[in-house]
Amino acid sequence: MITIKEATELFEMPFLDLLHMAHSIHIENFQKNQIQASSLLSVKTGGCSEDCSYCAQSKKAKMPLQSIETIENIVSKAKDAKRMGATRFCMGASGKSPTDEFVNMMCEAVKEVKKLGLETCITMGMLTEPQVKKLKESGLDYYNHNIDTSESNYCNIITTHNFQDRIETIKLIQKYNINLCCGGIIGLGETNEDRISMLVVLANMNPQPKSIPINKLIKIPGTDLANSPDVDVFDFVRTVALARILMKKSYVRLAAGRSAMPEILQAICFYAGANSIFLGEKLLTTINSSVSRDEQMFSKLGLKLMQ
Ligand code: DTB
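All of these numbers come straight from a predicted model, not from anything done at the bench. (Residues numbered from 1 in each chain as written. Predicted model: local features only at pLDDT ≥ 70, side-chain atom pairs only at ≥ 80, totals over all residues. Heavy atoms only, no water.)

Focus: the overall build of the protein
Consideration 1: Scanning the protein from N- to C-terminus turns up eleven helices and ten strands.
Consideration 2: Its C-alpha radius of gyration of 18 Å places the protein within 12% of the 19 Å reference for a compact globule of 307 residues.
Consideration 3: Over its C-alpha atoms, taken along the principal directions, the protein stretches across nearly 50 × 40 × 40 Å.
Consideration 4: Expressed as a percentage of its 307 residues, the buried residues of the protein come to 57%.
Consideration 5: Taking all contacts inside the protein whose residues are at least 6 apart in sequence as the whole, residues at least 24 apart take part in 75%.
Consideration 6: By element, 54% of the accessible surface of the protein is carried by carbon and sulfur atoms, the whole surface being about 13,300 Å².
Consideration 7: Put simply, the protein has 35 plus and 33 minus side-chain charges, and the middle of one group is 5 Å from the middle of the other. (Helix = DSSP H or I, 4+ residues; strand = E, 2+ residues; numbered from the N terminus. Rg over C-alpha atoms; globule rule 2.2 N^0.38 Å. Buried < 20%, exposed > 50% of the residue type's maximum accessible area, 1.4 Å probe, protein only. Contact = heavy atoms within 4.5 Å. Areas by Shrake-Rupley, 256 points an atom, 1.4 Å probe, with all protein chains shown as cover. Lys, Arg positive; Asp, Glu negative; His and termini not counted. Charge placed at Lys NZ, Arg CZ, Asp CG, Glu CD.)

What follows is the structure in structure tokens.
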């Protein structure tokens, strides 16, 4: 068990010592200069019943339900992702929880995308046990279900479900041995204590999530957090470094928010142990860092995409 006290002591180390420690742990556990890339597709957008304050698709932002992607389109986008260099294809669907019919469709999508030689990941909210079982049988590699923030801050961000609801779905995912992708968002108005506490929850999961997206809030007009204060960059890097130190063998993803980050900040995050990104022009509803910008940055930094 990792305690809040231990994690706080690490987080508060002199910045350069923290980076050095995170980098040392990173290169002991991973091939250095290698970054895993995942591509994201929104397969069902808008019309959500949840009130997540950061999300463009929140019921408060009133985005109407758009048409659901067909399997054919999903496969075509997955082919593009593979061509770009992604090794994982992540499919996101809005809503509190999917219908059985939607889960069946996603199982078909998983089977088709896997035929391309890509790993698959889905995020679509709370699941029932039979749904998790079906997803496992379809061959789904990862399920993304973020805890977003600390348990005590959760109700300030979302009120239509609670932290414990998240944990219940996470337990089901782990019970069926689907790899867990679970992280959070920095910039929700949380304190460093919240960030540390969120990482301690993740680090104490058994097994630890294999993939940990650290998103930096994209301030989306029309959402409650559109005008939230900027995150201190050093605190952001400290959060990435702490994730790396506490979860030595997990992929730490520098996830949403990269398009607004200067290359030098991304480089420092990679030094601090981030070794995964979203690659591609779009996230769910917002733009991502462009592929050509990423290619140039990788070349400047001597980084390679993981095969
Ligand atoms: C995660 O942690 N980040 C992704 C994925 N999991 C589903 C989503 C990023 C969304 C960014 C805002 C948008 O495009 O709407």
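A closer look at the packing of helix α1 (residues 4–11) against helix α8 (residues 192–203)
Consideration 1: For the pair α1 and α8, interaxial distance at closest approach is 10 Å and the crossing angle is 120°. One finds that α1 runs oblique with respect to α8. Between α1 and α8 lies a crossing of right-handed hand. Touching Ile4, Ala7, Thr8 and Phe11 of α1 are Asn192, Ile196, Ser197 and Val200, all from α8.
Consideration 2: By residue class, the composition of the contact of α1 with α8 is five nonpolar, three polar and no charged. (Axes fitted to C-alpha atoms, helices over the stretch in contact; angles between N-to-C directions. Parallel < 35°, antiparallel > 145°, perpendicular 65-115°, else oblique. Left-handed = near helix turned anticlockwise from the far one by under 90°. Nonpolar A, V, L, I, M, F, W, Y, C, P; charged D, E, K, R; others polar.)

Observations concerning the environment of Ser150
Consideration 1: Mapped onto the secondary structure, Ser150 falls in the loop between β4 (142–144) and α6 (151–157).
Consideration 2: Residues Ser150 and Leu199 lie 49 residues apart in sequence; the distance between their C-alpha atoms is 8.2 Å.
Consideration 3: Once residues lying within four places of it in the same chain are set aside, the contact partners of Ser150 are Phe163, Asp194, Ser197 and Met198.
Consideration 4: Of note is the side chain of Ser150, whose polar atom sits 3.1 Å from the backbone nitrogen of Asn153. (Polar contact = N/O pair within 3.5 Å; in protein donor to acceptor, adjacent residues only side chain to side chain.)

Some thoughts on the side chain of Thr239
Consideration 1: Considering the arrangement of structural elements, one finds Thr239 in helix α9 (residues 233–246).
Consideration 2: Contact partners of Thr239, with chain neighbours within four places excluded, come to Phe11, Ile186, Arg195 and Leu199.

Points about the site of the ligand
Consideration 1: The immediate surroundings of the ligand are formed by Leu40, Thr123, Asn144, Asn146, Pro213, Asn215, Ala256, Phe278, Leu283, Leu284, Thr285 and Thr286.
Consideration 2: Interatomic distance of 3.3 Å between a side-chain N/O atom of Asn144 and a nitrogen atom of the ligand.
Consideration 3: Side-chain polar atom of Thr285 to an oxygen atom of the ligand: 2.5 Å apart, as the coordinates give it.
Consideration 4: Expressed as a share of its isolated accessible area of 400 Å², the protein-covered part of the ligand is 88%.
Consideration 5: Partitioning the shell around the ligand into residue classes produces six nonpolar, six polar and no charged. (Near = heavy atom within 4 Å.)

These results come straight from atomic positions and should not be treated as a statement about function.
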